[in-house]
Amino acid sequence: MTSVIVDRRLQKGKSTANRQRVLKRLDGALKAQVDKLLARNKLRDTDSGAEVTIQRKDTAEPRLILEPSSGASTRIIPGNDKYRIGDKIQGGSQGQGRGGGQGSGDGQSEEEDTFRFALSREEYLSLLFDDLELPALVKKDLLEIDETRFRRGGVQRYGTPGTVCVTRTFKASIGRRIAAEAQHAEALDEAEAALAEAEEAGDPALIRDAALALDELRRRGGDIPFLDPVDLRHRSLIEVQSPCTAAVMFCLMDVSSSMDEERKDLAKRFFTLLYLFLSRKYKKVEIVFIRHTDEAQEVDEDTFFNGTRAGSTKVLSALEKMNEIIASRFPASSYNIFGAQASDGDSFGNDSTDSSAYLRSRLLPVSRYFVYAEVGTTAGQSATSLWDAYRGIDNEHFNMATVSARNEVYPALAKLFQREH
Amino acid sequence: MRDLRKFSGSEWTLDDLLEIEQICGRHAERYALDTFPNQMEVITSEQMLDGYVSGGLPVNYGHWSFGKHFLIENARYRSGENSLAYEIVINTSPCIAFLMEGNSLAMQALVIPHACYGHNSFSKGNYLFRQWTQPDAILDYMIFARNYIADCEERYGLDKVEQTLDALHALRDQGLDKYKRPSKLDSRKERAEQAKRLFAAQETMRQAEYYSLMPQAAKPDAAMPLALNPEENLLYFIEKHAPKLEPWQRELARIVRKIAQYFYPQRQTQVMNEGWATFWHHRLINDMYEAGQIDAGILLECMHSHTNVIRQPEYSGLNPYALGFAAWNEIKRVCENPTDEDREYLPNIAGKDWLETFHDTMQNYRDESFLLQFLTPKLVRDFKLMAIQTSEGLDHWAVTETAGTDSFKSVRSQLSACYRLEASMPEISVVRYEIDTDRKLVLHHQGYNGKVLLEDQAKQALKHLRWLWGFDVSLETIDQKGSTVKTY
């Protein structure tokens, strides 16, 4: 009987299509999770996908099955070395979930209420962006992985008709023809010399042979091909990595008492998107977190988003701090400096005008781009003092936008980062 | 039996696997193991998980529930909760056995006799499989099913198809013919018949419109003999009689129930089948070792794994591998060296030829009857079985039997009863269909031993049924005397 062995390892798994179906089905539940995850995850983790927990009831497959604890039940249990007939064992009809899946069921255990699985980066990002209502084009852009570029570099002998380099091909053919003609001329000389010898010798047979040979050579002299496949030259392309550029992003956040949870959530989403966007263009993005009330401090991510401070607002402190850090750790010559500030715009006294002046004179000259996102106000409401002050800045490295709801985060980002950047 | 090489180490090539399979085949011949041709497929662990959730069928239609189970199993596997089975084998012809790429040589040497000769011969010989499945037709049918469903998705939309399949899946266990013989699967015939049915359905609708203008003739009473002959196959009933289903939805019902039918024998022979395959892998591995075809290292690794597989933890559920392996070994022992006790309880096989008995048993029994007939007192003692009982509302189990010779028959019949189909699958049938009035459907669940259905799930499943039926459906559990115990 012939037996066959097949190697299926290289074939794609079937699970991808069904996985997409279940993700679609869990859409609502996943989105709810994603929101919570965003609040919980560190910024950098969003880059690598996420673990989600789904309640079983979200994906219930109801069946007509027996209620195990109803009626009378009998079980056969192995390994008994202590009980005797008439003994009572605790558990009864309440604890019937454990201790014995006999019978011919296919063992689908419904014991746990939840199950966890991991979303890949793409899936997580698309869920994240889903909520933000990104236009499809940009979503694709952000999810695609950067490719290396090609540049022209030299010629090679193989390729497709589209890559033929005509001038070099002709040069090669000229060379070949010269060589071939020279070779031919040599051969002709030899043949003529042979004929002359033959005529001298006087042998008619020899003469005839030599004459024939000479004729033949002369005839074939014109047969050197103008172009030969061996002449073909093709343009060759060399793979080149995009140059590694370092960037630093300064996240400045107002953590004064006027920033509530909702505003902080909006700010966090804004910063997350910003980070993802930047990490697409540059290999390395460093993030510096600065929070301020009336004084600024550099903090780590956790404190940045979760710590609370009460205090009044002094924006200038944050800007000064940023400048200080640039001077000490991130020389503008080696780094692309970005700044992003999120605040609710409430500041006291001259702070707004001072900040605006500081920004204009000290920070903008060294930054690639600085954005200000005002959270919590809708465009059209009466402007806050900070907004007013910043509005006066007229610099192509500066831009500002308002974000009042989750689905405005992306449009604000899109507005702030047009294609040119 | 001389062979050119002795297998050792842990690396293997595809050719090695083929060779092992051939070697097993030669050994198996001595035991008259009749098998379908073998097709071994080497797969990745992800594909193995895929196989789990689609019942091992290499082709299946797409549905989110498969995706969900994949995620669950994957999560369990990655957290170390479940280790993957070493193999999946399905009863088709050729018999397809899936071997994991991560297995060592010893594992593959174990899996091949287990799957390609154990399970293979069982599904070829056992009467339930012969009666209820067509191994050579199932794969074609799956391809047909998958294509048809994909086609429906394109035409009628993913959502509608998903909703229909969800509802049908909820009733999958009630879509089985348990007592009637099903018609044979034949995908070509199926396609032809399907076209005819869809055409007929359209014709009927055209005619119905036409005839609605004419005076009413006596309608054929489709459900008349129900009271005498309740329909146990809900999906079949829905397929034929649901007033509001589109023809393509009826086709889906047909597909779901045909696939459920295919797996029907497997549930009833799990202990026998696994025991059989375990017995034969144990036997063939030892034979290969004695013939010098595998070395001691491989043998040890196999035995180590084998021991794990038949491990029976105490005070827990019975491991079908352990129970099955022990049962088959007992049969052999009683055939070859019966004690007086054996002669008393198993007179039919005591002293007979073990191989003949094996084949006869494998072909003609299923778990319930197998245990009832062949369980030995020694096995009950070895496993230290005890019987416990409880009733609704009690907070404890009472021990009613322990492993002693005088309780043997009681333990045996109770154990066998656990593997009866009704122990796990509720008996639900359509008893009344008010075809002339409000089209209400009445279902009865026969509640044995006071069992009722799990309420929450039953309500959900009933919703699905109502959606499919289009009119009112009522479901009640009735007791032995015929009175209603519970309504859902």
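So, about the overall build of chain A. Per the secondary structure count, chain A includes 12 helices and 13 strands. Evaluated residue by residue, chain A yields a buried proportion of 42% over its 421 residues. Residue pairs in contact within chain A that sit at least 24 positions apart in sequence constitute 80% of those at least 6 positions apart. Carbon and sulfur atoms make up 50% of the accessible area of chain A, which amounts to about 22,600 Å² in all.

This part takes up the pattern of salt bridges. All names here are of chain B. Evaluated as defined, the whole model comprises 27 salt bridges over all chains. Between Arg267 and Asp173 there is a salt bridge, and its shortest N-O distance comes to 3.3 Å. Residue Arg267 is located in helix 10 (residues 247-268), and its partner Asp173 is located in the loop between helix 7 (158-170) and helix 8 (187-211); the two are separated by 94 residues in the primary sequence. For the pair shown, Arg267 and Asp173 are each scored as buried.

We now examine the packing of aromatic side chains. Each pair of aromatic rings is reported with the distance of its centres and the angle of its planes. This model, assessed by the stated rule, comprises 34 aromatic pairs over all chains. Between Tyr390(A) and Phe398(A) the ring centres are 5.5 Å apart and the planes differ by 80°, which places this aromatic pair in the edge-to-face class. Just as Tyr390(A) is buried, Phe398(A) falls in that class too. Where Trp276(B) meets Phe358(B), the ring centres are 6.0 Å apart and the plane angle is 40°; that geometry is what we call tilted. Of this pair, Trp276(B) sits in helix 11 (residues 270-290) while Phe358(B) sits in helix 15 (residues 354-364), and the two are 82 residues apart along the sequence. Given a relative accessible area of 0%, Trp276(B) falls into the buried group. Three or more aromatic residues link up through ring pairs in this structure, and these residues are Tyr31(B), Phe122(B), Phe129(B), Trp276(B), Phe279(B), Trp280(B), Trp328(B), Trp354(B), Phe358(B), Tyr365(B), Phe370(B) and Phe374(B). Positioned over the ring face of Phe471(B) is Lys244(B), at 4.8 Å from the centre of the ring. Over the aromatic face of Trp354(B) sits the side chain of Lys332(B), whose NZ or CZ is 4.9 Å from the ring centroid.

Here we take up the packing of helix 4 (residues 105-125) of chain B against helix 11 of chain B. All names here are of chain B. Their axes nearest at 8 Å, the elements helix 4 and helix 11 cross at an angle of 130°. Comparing their axes, helix 11 and helix 4 come out oblique. The handedness of the crossing between helix 4 and helix 11 is right-handed. Along its contact with helix 4, which presents Ala109, Leu110, Pro113, His114, Tyr117, Gly118, His119, Ser121 and Phe122, the element helix 11 presents Met272, Asn273, Glu274, Trp276, Ala277, Thr278, Trp280, His281, Leu284, Ile285 and Met288. A breakdown of the residues in the contact of helix 4 with helix 11 according to their chemical character gives 12 nonpolar, seven polar and one charged.

Residue and element names in this part refer to chain B. Structurally, the position occupied by Ser123 is in helix 4. From its side chain, Ser123 meets the backbone oxygen of Asn120 in a polar contact 3.1 Å long. Ser123 has contacts with Phe36, Asn91 and Phe129, leaving out every residue within four places of it along the chain.

Below, the discussion takes up the sheet that holds strand 7 (residues 441-446) of chain B. All names here are of chain B. Read from one edge of the open sheet, four strands run 6-7-8-9, paired in mixed fashion. In this open sheet, the two strands that pair with only one neighbour each are strand 6 (427-433) and strand 9 (484-487). On average, each strand axis in the sheet is inclined to that of its neighbour by 30°, with strand direction left out of account. Bridging between strand 6 and strand 7 involves six bridges; their strand directions are antiparallel. Across the sheet, the residue bridging to Tyr433 is Leu441, located in strand 7. In the packing of helix 9 (residues 234-241) onto the sheet, contacts are made with strand 6 and strand 7, and the angle to strand 6 comes to roughly 30°. Strand contacts of helix 20 (residues 455-469): strand 6, strand 7, strand 8 (473-478) and strand 9, with the helix running at about 145° to strand 8, the strand carrying the most contacts.

Moving on, we come to the sheet that holds strand 3 (residues 73-77) of chain A. On the basis of which strands lie adjacent, the open sheet formed by four strands has the order 3(A)-4(B)-5(B)-4(A) and antiparallel pairing. At either end of the open sheet lies a strand with only one pairing partner, and these are strand 3 and strand 4 (88-90) of chain A. Strand after strand, the sheet turns through a mean of 35° between neighbouring axes, direction not considered. In the packing of helix 18 (residues 408-418) of chain B onto the sheet, the strands contacted are strand 3 of chain A together with strand 4 (386-390) and strand 5 (396-401) of chain B, and the crossing angle to strand 3 of chain A comes to about 110°.

Turning our attention to helix 12 (residues 296-309) of chain B. If you check helix 12 of chain B, its first and last C-alpha atoms are 20 Å apart, about what 14 residues at 1.5 Å a residue would give, namely 20 Å. Contact partners of the buried residues in helix 12 of chain B: helix 4, helix 11 and helix 13 (320-336) of chain B.

The next subject is the nonpolar core. Judged by nonpolar contacts, the single largest core of 73 residues is most densely connected at Trp280(B), Ile285(B), Trp328(B) and Phe370(B). Considering every element that reaches this core, the biggest residue donor is helix 4 of chain B, with 11 residues. Those residues in contact with Ile285(B), other than ones at most four positions away along the chain, are Ala109(B), Leu110(B), Ile294(B), Leu299(B), Cys302(B) and Met303(B). Counting residues in each nonpolar core, the second largest holds 48 residues, with Leu64(A), Cys152(B), Tyr262(B) and Val452(B) among its members.

So, on to helix 6 (residues 138-156) of chain B. All names here are of chain B. Taking 1.5 Å of rise per residue, 19 residues should cover 27 Å, and helix 6 covers 26 Å from first to last C-alpha, within 8% of that figure. Those residues of helix 6 that sit buried are Ile138, Tyr141, Met142, Phe144, Ala145, Tyr148, Ile149, Cys152 and Glu153. Positive backbone phi, approximately 95°, marks Gly157, located one or two places after helix 6.

Each value, and the rule that gives it
- Residues numbered from 1 in each chain as written.
- Chains lettered and ligands numbered in written order.
- Predicted model: local features only at pLDDT ≥ 70, side-chain atom pairs only at ≥ 80, totals over all residues.
- Heavy atoms only, no water.
- Helix = DSSP H or I, 4+ residues; strand = E, 2+ residues; numbered from the N terminus.
- Buried < 20%, exposed > 50% of the residue type's maximum accessible area, 1.4 Å probe, protein only.
- Contact = heavy atoms within 4.5 Å.
- Areas by Shrake-Rupley, 256 points an atom, 1.4 Å probe, with all protein chains shown as cover.
- Salt bridge = Lys/Arg side-chain N within 4 Å of Asp/Glu carboxyl O.
- Phe/Tyr/Trp six-rings, centres within 6.5 Å; stacked < 30°, edge-to-face > 60°.
- Lys NZ or Arg CZ within 6 Å of the ring centre and 35° of its normal.
- Axes fitted to C-alpha atoms, helices over the stretch in contact; angles between N-to-C directions.
- Parallel < 35°, antiparallel > 145°, perpendicular 65-115°, else oblique.
- Left-handed = near helix turned anticlockwise from the far one by under 90°.
- Nonpolar A, V, L, I, M, F, W, Y, C, P; charged D, E, K, R; others polar.
- Polar contact = N/O pair within 3.5 Å; in protein donor to acceptor, adjacent residues only side chain to side chain.
- Pairing = 2+ DSSP bridges.
- Expected span 1.5 Å × (residues − 1).
- Core = buried A, V, L, I, M, F, W, Y, C linked by side-chain atoms within 4.5 Å.

Everything listed here is a matter of geometry and, on its own, says nothing about what the molecule does.
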